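Architecture and fold: a report
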Amino acid sequence: MNNEELEARLQSIGTEACRKWAAEIIEKHKPLGRYLQRAYVYTAKAKGYVKANKLLRQLDEKLTWKGYSTTICTSDIEDLSEKYAYVCTSQYEQAYARTKSVQKSCDSVRMYVRKRGIGDPFPNNWLKQPEAKLVSIIKRLCDKRWWKRVIRKILTSQIETVLRDLGYVKKQTAPYISNYSLAKYKQGRIRQSDYIDSNMVVSEYGEYFPLRQAVDASVSNPKVQRAELMTRMRGLEEVARELELTPLFITMSCPSKYHAYYGQSGRLNPKFQRFTPKNAQDYLLRTFSQIRADLHKKEISMAGFRICEPHHDGTPHFHLLLYVFPEHAQAVSQIFTKHCLKEDGDEKGALENRCDVKKLDLDDRSPTGYIAKYIAKNIDGDSVGVDHETGEDSASSSLRVKAWASIWAIRQFQAIGNTPQTIYREFRRLPKALTEEYPKQAEQARKAADEGDYAEFIRANGGLFVSRKELPFRAMHVIRTKFSQYGEDVKKLVGIVINAGQELITRDTNYMIMPAMMVLGQKAAQPPPLEYCQ
């Protein structure tokens, strides 16, 4: 239905008062006008104008936050942020002048914030927290920049929730994320790119280089991120082969009530209970936490990687590549299945779709190669071809996946029972061989990291299943002399601590970001190490 047909249909729905009322609501949420118009027209055609009015009223309520449309412009968000920050400041000052108690003053602000619908910013045991911690929370609530971030997040997720409920997030229309939110995400990337291109990184010694150069050399670059993940997974596989471990490829999915639409037909799932992708992610994390606790209780060790990716309608699911001892493979499969079927485990198709465990044959194919497409698909789609979930080219669908993860704050990749990646990255910052004053194990780890030999790096760190307490190397942090803007201590990563008590400094230079136009008359320095700007 084109725009002219849509306008004509709108003029034929209900009474004149209905049409005027509907036009006011659609104008109120103008950036989403076409979505609301289509939903209103289709509902009126299928169920009558009374049902259409009811739907439009519900949509208006969902798209209205504290009297404002969720589509408000940046200036309105800034005004609202300034207002809330000012009220929090006044609430705290008045309460403290009256009670002389930090806790009672914080409680006054806490109640105000909870009424704004953003949840409780204080920890559950906030009454037991030291005053300095409470004051730092209050400083956040009195900062308009903090409110601006929070409000943007709330409005973005509410808009995406409404569009998903209306059917604008599915294979047949816009997979993974709505076209509206994708456009907003692209705009944000353009602003970010402009910022990067217009700034320089300047060292304390006066050397400088483009910020773009630093970003491209870090894991913010999709190619670097993909290469690092593949290096780590290939090294893990090599060690697993040496230990004759069994690789398991496991897929965890959510119960039917979390899935909005069917994949083939695109019809609404009658069991859908209006859960968001974030709710589904919380379910998966909760279930996986229970699985890990159960495995730990039975003293079953595992190592591998977890990948989180969306179904066509934005509902997340997990892919896990795990290495376990052969005698534990059956128990691991049973534990995963048991916990995945705890919630609505008796519904149709639960046994077949909720948890799928495949035992891979190391002699038949490489487990790393098996999961490589899932990694690439969720980063940049390189060399994947067609995304079978959507039928689109993976290079374009990967941008939708990144936008989906950004909007719903979903972590896409996680190592399980593995050597900390921070240590690996810090050792890669040491290109020269260590002197004899350091243990040979440290030089073994440094050399392995420098050569990208992750299997040897695991060996240098004590092996695959070494506990955190027994790791020979740890990240070294120092407390900066300057507090954060909220009065908190700021930790700075500076190197590696060896269990023997020695320290390896990997970050001995301080850098700052400055506008390029302010940095004049100097020659660009050499590019930073690979993992700069972590």
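Since this is a predicted model, take the numbers as computed values, not measurements. (Residues numbered from 1 in each chain as written. Predicted model: local features only at pLDDT ≥ 70, side-chain atom pairs only at ≥ 80, totals over all residues. Heavy atoms only, no water.)

**Structural notes on the overall build of the protein**
Stated precisely, the cut-off is as follows: What counts as a helix is a DSSP run of H or I of at least four residues, what counts as a strand is a run of E of at least two, and both are numbered from the N terminus. Each residue is assigned to one of three classes by its accessible area relative to the maximum for its type, calculated with a 1.4 Å probe on protein chains only: buried under 20%, partly exposed between the two thresholds, exposed over 50%. Residue contacts are counted whenever heavy atoms from the two residues lie within 4.5 Å of one another. Residue-level accessible areas treat just the shown protein chains as cover; the underlying method is Shrake-Rupley with a 1.4 Å probe.
Helix and strand counts for the protein stand at 19 helices and 15 strands. A total of 534 residues make up the protein; the buried ones form 48% of that total. Considering only contacts in the protein between residues 6 or more positions apart, those separated by 24 or more positions represent 68%. Total accessible area on the protein is roughly 27600 Å²; 50% of this is exposed by carbon and sulfur atoms.

**Re the sheet that holds strand 3 (residues 199–203)**
Defined as follows: Pairing between two strands is assigned when DSSP locates at least 2 bridges connecting them. Each axis is a line fitted through C-alpha atoms, and for a helix only the stretch in contact is used; angles between axes span 0 to 180 degrees, taken between their N-to-C directions.
What the three strands build is an open sheet, ordered 4-3-15; its pairing is antiparallel. The outermost strands of the open sheet, each flanked by one partner alone, are strand 4 (208–210) and strand 15 (511–515). This sheet shows a mean twist of 30 degrees between the axes of neighbouring strands, independent of strand direction. The pairing of strand 3 with strand 15 spans five bridges and is antiparallel. Bridging from a neighbouring strand, N199 pairs with P515 of strand 15.

**Some remarks on unusual backbone geometry**
Positive phi, normally seen in glycine, also occurs at K100, with a value near 55 degrees. Its location among the elements puts K100 in the loop between helix 5 (74–99) and helix 6 (102–115). Look at D344: it is not a glycine, yet its phi comes out positive at around 55 degrees. Take D344: it is sitting in the loop between helix 13 (329–340) and helix 14 (350–353).

**A short note on the packing of aromatic side chains**
The condition is simple: Side-chain rings of Phe, Tyr and Trp, where Trp is taken by its six-membered ring, are said to pair if the distance between their centres is within 6.5 Å; with planes under 30 degrees apart they count as stacked, over 60 as edge-to-face, and otherwise as tilted.
Applying the stated criterion across every chain, the model contains 19 aromatic pairs. Measuring from centroid to centroid gives 6.3 Å for Y84 and Y112, while their planes differ by 75 degrees, and the two rings are edge-to-face. Remark: Y112 occurs in helix 6 and Y84 occurs in helix 5; sequence separation between them is 28 residues. Just as Y84 is buried, Y112 falls in that class too. Aromatic side chains Y92 and Y96 sit 6.1 Å apart centroid to centroid with 15 degrees between the ring planes, which places their arrangement in the stacked category. Placement of the pair is Y92 and Y96 together in helix 5, with a separation of four residues, close to one helical turn. The class of Y92 is buried, set by a relative accessible area of 16%. Every member of this aromatic cluster is reached through a ring pair, and the members are W65, Y84, Y112, W146 and W147.

**Points about helix 2 (residues 16–28)**
Stated formally: The length a helix should cover is 1.5 Å for every residue beyond the first. Think of it as the arc spanned by the lines of direction from the helix axis to the C-beta atoms.
For helix 2, built from 13 residues, the straight-helix expectation of 18 Å at 1.5 Å per residue is met to within 8% by its first-to-last C-alpha distance of 18 Å. Taken together, the buried positions of helix 2 are occupied by C18, A22, I25 and I26. Viewed end-on, helix 2 has its buried residues packed into an arc of 100 degrees, placing them on one side of the element. Counted as exposed and oriented over 90 degrees from the buried face of helix 2: E16, A17 and K20. Those residues of helix 2 hidden inside the fold are in contact with helix 3 (33–47) and helix 4 (49–62).

**Considerations on a positive patch on the surface**
Just so we agree on the cut-off: Patch criteria: residues need more than 30% relative accessible area and no salt bridge. Like-charged residues are merged within 9 Å; nonpolar side chains of Val, Leu, Ile, Met, Phe, Trp and Tyr are merged within 5 Å. Salt bridge criterion: a side-chain nitrogen from Lys or Arg within 4 Å of a carboxyl oxygen from Asp or Glu. All tallies of charge rest on Lys and Arg as positive and Asp and Glu as negative; His and the ends of each chain are not included. Here the site of a charge means atom NZ of a Lys, CZ of an Arg, CG of an Asp or CD of a Glu.
On the surface, a cluster of positive charge is made up of K47, K51, K54 and R57. Broken down by element, the residue count for the positive patch peaks at three residues, all from helix 4.

**Observations concerning the sheet that holds strand 7 (residues 316–324)**
Sheet architecture is open: five strands sit in the order 8-5-7-6-11, paired in antiparallel fashion. Edge positions in the sheet fall to strand 8 (355–359) and strand 11 (413–416), since each of these pairs with one other strand and no more. Across the sheet, the mean angle from the axis of one strand to that of its neighbour is 15 degrees, orientation sign disregarded. Sheet topology note: the strand 5 (residues 246–252)/strand 7 ladder contains seven bridges and is antiparallel. Paired with T246 across the bridge in strand 7 is V324. Sheet strands touched by helix 12 (residues 277–297): strand 5, strand 6 (303–310), strand 7 and strand 11. Its angle to strand 7, the strand with the most contacts, is close to 20 degrees. Running at roughly 155 degrees to strand 7, helix 15 (residues 367–377) makes contact with strand 5, strand 6, strand 7, strand 8 and strand 11 of the sheet.

**Examining the nonpolar core**
Stated precisely, the cut-off is as follows: Only buried residues count toward a nonpolar core. Its members are Ala, Val, Leu, Ile, Met, Phe, Trp, Tyr and Cys residues joined through side-chain atoms within 4.5 Å.
Grouped together as the largest cluster of nonpolar side chains are 39 residues, with contacts concentrated most on I371, I375, F427, F457, F473 and L504. Where this core is concerned, the elements lending two or more residues are helix 11 (222–242), strand 6, strand 7, helix 15, helix 17 (421–427), helix 18 (440–451), helix 19 (454–460) and strand 13 (491–498). In this structure, F457 is in contact with T419, I423, Y424, F427, A445, A448 and A449, ignoring residues within four places of it in sequence. Counting residues in hydrophobic clusters, the runner-up holds 36 residues, among them C254, F288, M302 and V401.

**Quick notes on the packing of helix 5 against helix 7 (residues 131–141)**
Packed helix pairs are characterised by how far apart their axes lie and by the angle those axes make with each other. Which entries qualify depends on this criterion: In these notes the angle categories are as follows: under 35 degrees is roughly parallel, over 145 is roughly antiparallel, 65 to 115 is roughly perpendicular, and the rest is oblique. Asp, Glu, Lys and Arg are counted as charged, while Ala, Val, Leu, Ile, Met, Phe, Trp, Tyr, Cys and Pro are counted as nonpolar; the rest, among them Gly, fall into the polar class.
Where helix 5 meets helix 7, the axes come as close as 8 Å, and the angle between the chain directions of the two elements is 140 degrees. Regarding the angle of helix 5 to helix 7, the classification is oblique. Between helix 5 and helix 7, the residues in contact are Y84, A85, C88 and Y92 and V135, I138 and L141, respectively. Each residue belonging to the contact of helix 5 with helix 7 can be placed in one class, and the counts come to seven nonpolar, no polar and no charged.

**Topic: the environment of N461**
Relative to the helices and strands, N461 resides in the loop between helix 19 and strand 12 (473–479). With a relative accessible area of 0%, N461 lands in the buried category. A C-alpha to C-alpha distance of 9.2 Å links N461 and Q444, two positions 17 residues apart in sequence. Apart from residues lying up to four places away in sequence, N461 is in contact with T419, I423, Q441, A445, V466, L471, P472 and F473.

**Considerations on the pattern of salt bridges**
The full count for this structure, using the stated rule, is 26 salt bridges. Taking the shortest distance from any N to any O, the salt bridge between K257 and D344 comes out at 3.4 Å. Taken as a pair, K257 in the loop between strand 5 and helix 12 and D344 in the loop between helix 13 and helix 14 lie far apart in primary sequence, 87 residues in all. With a relative accessible area of 13%, K257 lands in the buried category. Each of E238, E242, E456 and R459 takes part in one network of salt bridges that share partners.

**Examining the environment of H29**
Put simply, the rule is: As used in this structure description, the phrase polar contact means that two N or O atoms lie within 3.5 Å; if the pair is within protein, one of them must be able to donate a hydrogen and the other to accept it, and residues adjacent in sequence are counted only when both atoms belong to side chains.
Within the secondary structure layout, H29 lies in the loop between helix 2 and helix 3. When the C-alpha positions of H29 and Y205 are compared, they lie 52 Å apart, and in sequence the two are 176 residues distant. Among residues more than four places away in sequence, those in contact with H29 are L36, D60, L63, T64, S69 and T71. A distance of 2.8 Å separates a polar atom in the side chain of H29 from a polar atom in the side chain of D60.

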